[in-house]
Amino acid sequence: MRLAFAALLLLSATPAFADAVTYKGTLGDREIVVEIIEPVGGRFTYIDQGGDIPLDPAASPDGMFYFAEEGPCGETACVPNSEGVADMPPRAATWALDITDDGRSLMGTRTSESKKAIVETVELIEVGRRALTTEEPTPFGLHDRSAILSYDMTQPLTPDNAAYESVLFSLPKVEGRRETYTHDTTVTYMIDPRTKFEFPRITSLDDGSDPAVMNAKLEEMQNRLSLSALDCLAFVYAAWGQTNDFNYAGGHLADIDYETIQVSNLTPNLISWTQSGSTYCVGAHPYNHYDVHNYNVRTGAPLTERDIFSAWVPREYGSMDVVAPEVLAAAGPDDYFSWGPSQELIDYVQANTDKAALYGDDAELLEACASDEALADNMTVRYLPDDQIMFVLSGFPHVIGVCNGDLFAVPALDIAQFMHASAENFFPSLAH
């Protein structure tokens, strides 16, 4: 959905839109970050709070910006029109900002729409700008880009590409619990006070190596997950697609603040952790999940099953047939294969899984969770101390998410026949 802005009609002759410009500064006594597209408005948030607030366009004289700050919809405001769009959102305040001679600073006031009409000073300085790319040149387009950055790992969260988000995540995180694995290998869980969930950082490694590369990746992943939480927190405004049809949704962290994130093993070469919970903001189903993340500590890159297991094979989507080597070799960049355990590895897992303990006598659950097809599509691994490997089911959606979870653990040496010779770089017992 898109919010219709009558003010844009006054500006329809504008030949091109300017850059998206990010400003950092203060509103009253609180720090804020603002992103503006001239002349179509923008967004802002309080840095200590997060959650974008729309700045809708208003006719502005030369040398000034005027914005109407939206108020949240609630149960009675933001009635959708025949197209499902709330085109008369409540107004919380009016912004009037003067542009300095060099064009890099904005100064002015925010006047609330309350009976007392509270006036606060706004002082901003430009900290970044970027050319508009694929997003729609509206406040929604700016906000939606942050939502996309929450999962699009190809777009870096850097000041050049994401100035607004970089300022947002300049707020220091606080230390949580600390865990020790082997000797001097330790993890500290860090917490963004706005989104509240814990996420690991490597504090030290046995061999004294520098974990900076992996920690940078962990910082990025935590920030992207926080963007998802803050997207839901902000979903109380018409500009973001909210109407009173969705008054039950938004205004919270989508239960991401209740995520359970636990490192299962850390060595100088690998880190393995699980992330589980049930998150929901708006939609047909919650996201019930038990996800596994394995990374190469040295490079900060994902450590995939294909990196470790020779018995990890490509299949055509929806098929148990393994793709022939010559077909795989001739495949183009747009060809899609589903990689998973070979039939031999599936047979091994089937033979060693205690199905009675996991599924009881529920034949329907047994078929859904433990068929060969289920393992081919949903089996993964996580890593434990002392070169132990845990077989895991992950990725079952919705109600069938009950299938997700651990199957059994086994020493790496016991399944060496399924692994690449190079796996000994991550599991020293394989070298003996």
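The notes below deal with the structure included here. Quantities reported herein were computed from a predicted structural model and do not represent experimental measurements. (Residues numbered from 1 in each chain as written. Predicted model: local features only at pLDDT ≥ 70, side-chain atom pairs only at ≥ 80, totals over all residues. Heavy atoms only, no water.)

Turning next to the overall build of the protein. Along the protein, the regular secondary structure elements total nine helices and 19 strands. Dimensions of the protein, computed from the C-alpha atoms along their principal axes, are close to 75 × 50 × 45 Å. Relative to its full complement of 432 residues, the protein shows a buried share of 49%. Of all intrachain contacts in the protein linking residues separated by at least 6 positions in sequence, the fraction that spans at least 24 positions is 53%. When the accessible surface of the protein is summed, it comes to about 20,300 Å², and 54% of that surface belongs to carbon and sulfur atoms. A distance of 8 Å separates the average location of the 25 positive side-chain charges in the protein from that of its 65 negative side-chain charges. (Helix = DSSP H or I, 4+ residues; strand = E, 2+ residues; numbered from the N terminus. Buried < 20%, exposed > 50% of the residue type's maximum accessible area, 1.4 Å probe, protein only. Contact = heavy atoms within 4.5 Å. Areas by Shrake-Rupley, 256 points an atom, 1.4 Å probe, with all protein chains shown as cover. Lys, Arg positive; Asp, Glu negative; His and termini not counted. Charge placed at Lys NZ, Arg CZ, Asp CG, Glu CD.)

Here we take up the nonpolar core. With 36 residues, the main nonpolar core has F309, L345, F391, M419 and F427 as its most contacted residues. Looking at this core, the elements that each hand over two or more residues are helix 6 (343–352), helix 8 (363–370), helix 9 (372–378), strand 17 (379–384), strand 18 (388–393) and strand 19 (405–411). For this core, the element with the most residues is helix 6, which contributes four residues. M419 has contacts with I308, F309, S310, I389, A412, F427 and L430, leaving out every residue within four places of it along the chain. Ranked by size, the runner-up nonpolar core spans 30 residues in total, among them A162, I261, V263 and L266. (Core = buried A, V, L, I, M, F, W, Y, C linked by side-chain atoms within 4.5 Å.)

This brings us to the layout of surface pockets. Computed from the structure, the largest pocket encloses a volume of approximately 700 Å³. S150, Y151, R224, L225 and S228 are the residues nearest the centre of the largest pocket, which is lined by 30 residues in total. Per-element tally for the lining of the largest pocket: the top contributor is helix 3 (residues 212–234), with six residues. In terms of residue class, the lining of the largest pocket is built from 19 nonpolar, seven polar and four charged. In this structure, the second largest pocket encloses a volume near 450 Å³. Lining the second largest pocket are 19 residues, and of these V292, E305, M379, T380 and S394 lie nearest its centre. Breaking the lining of the second largest pocket down by element, the ones donating at least two residues are strand 14 (287–296), strand 16 (337–341), helix 9 and strand 17. Looking at the lining of the second largest pocket, the element that brings in the most residues is strand 14, giving five residues. Its residues assigned to classes, the lining of the second largest pocket shows eight nonpolar, eight polar and three charged. (1 Å grid on protein atoms, 1.4 Å probe; cavity = no way out; pocket = protein on both sides within 12 Å on 5 of 7 lines; lining within 4 Å. Points joined across faces, edges and corners; volume = space filled by probe spheres on them. Nonpolar A, V, L, I, M, F, W, Y, C, P; charged D, E, K, R; others polar.)

Before going further, it helps to examine the pattern of salt bridges. According to the stated counting rule, one finds 19 salt bridges in the structure shown. Note that R110 and E69 form a salt bridge whose closest N and O atoms lie 2.6 Å from each other. Residue R110 is found in strand 7 (residues 105–112), and its partner E69 is found in strand 5 (residues 64–70); the two are separated by 41 residues along the sequence. Judged by its relative accessible area of 10%, R110 falls in the buried class. A relative accessible area of 5% means that E69 is categorised as buried. What emerges from the salt-bridge pattern is a single network uniting E35, R43, D52, R130 and E165. (Salt bridge = Lys/Arg side-chain N within 4 Å of Asp/Glu carboxyl O.)

Our focus in this paragraph is the packing of helix 1 (residues 139–149) against helix 3. For the pair helix 1 and helix 3, interaxial distance at closest approach is 8 Å and the crossing angle is 140°. As summarised for this structure, helix 1 and helix 3 are arranged oblique, according to the angle between their axes. In this structure, helix 1 meets helix 3 at a crossing whose hand is left-handed. Only R224, L227, D231 and A234 of helix 3 make contact with helix 1, whose side of the interface consists of H143, S146, A147 and L149. Taken together, the residues of the contact of helix 1 with helix 3 sort by class into four nonpolar, two polar and two charged. (Axes fitted to C-alpha atoms, helices over the stretch in contact; angles between N-to-C directions. Parallel < 35°, antiparallel > 145°, perpendicular 65-115°, else oblique. Left-handed = near helix turned anticlockwise from the far one by under 90°.)

Moving on, we come to the packing of aromatic side chains. A full pass over the atoms with the stated rule returns 15 aromatic pairs. Taken together, the aromatic side chains of F197, F199, W273 and Y295 make up a single cluster linked through ring pairs. The ring of Y164 is capped by R43, whose NZ or CZ atom sits 3.7 Å from the centre of that ring. The lysine or arginine in question, R177, covers the ring of Y189, its NZ or CZ lying 3.8 Å from the ring centre. (Phe/Tyr/Trp six-rings, centres within 6.5 Å; stacked < 30°, edge-to-face > 60°. Lys NZ or Arg CZ within 6 Å of the ring centre and 35° of its normal.)

Quick look at a negative patch on the surface now. Together, E316, D321, D334 and D335 give the surface a local cluster of negative charge. Looking at E316, the relative accessible area reads 39%, which means it is partly exposed. (Patch = residues over 30% accessible without salt bridge, like charges linked within 9 Å, V, L, I, M, F, W, Y side chains within 5 Å.)

Note: strands within a sheet are paired through backbone hydrogen bonds, in either parallel or antiparallel orientation. Taken together, the three strands give an open sheet; going across it, the order is 9-10-11, and neighbouring strands pair in antiparallel fashion. What marks the edges here is a single partner per strand, and that holds for strand 9 (174–180) and strand 11 (198–204). Across the sheet, the mean angle separating the axes of adjacent strands is 30° when strand polarity is ignored. Helix-sheet contacts for helix 3 involve strand 10 (186–191) and strand 11, and the interaxial angle to strand 11 is about 170°. (Pairing = 2+ DSSP bridges.)

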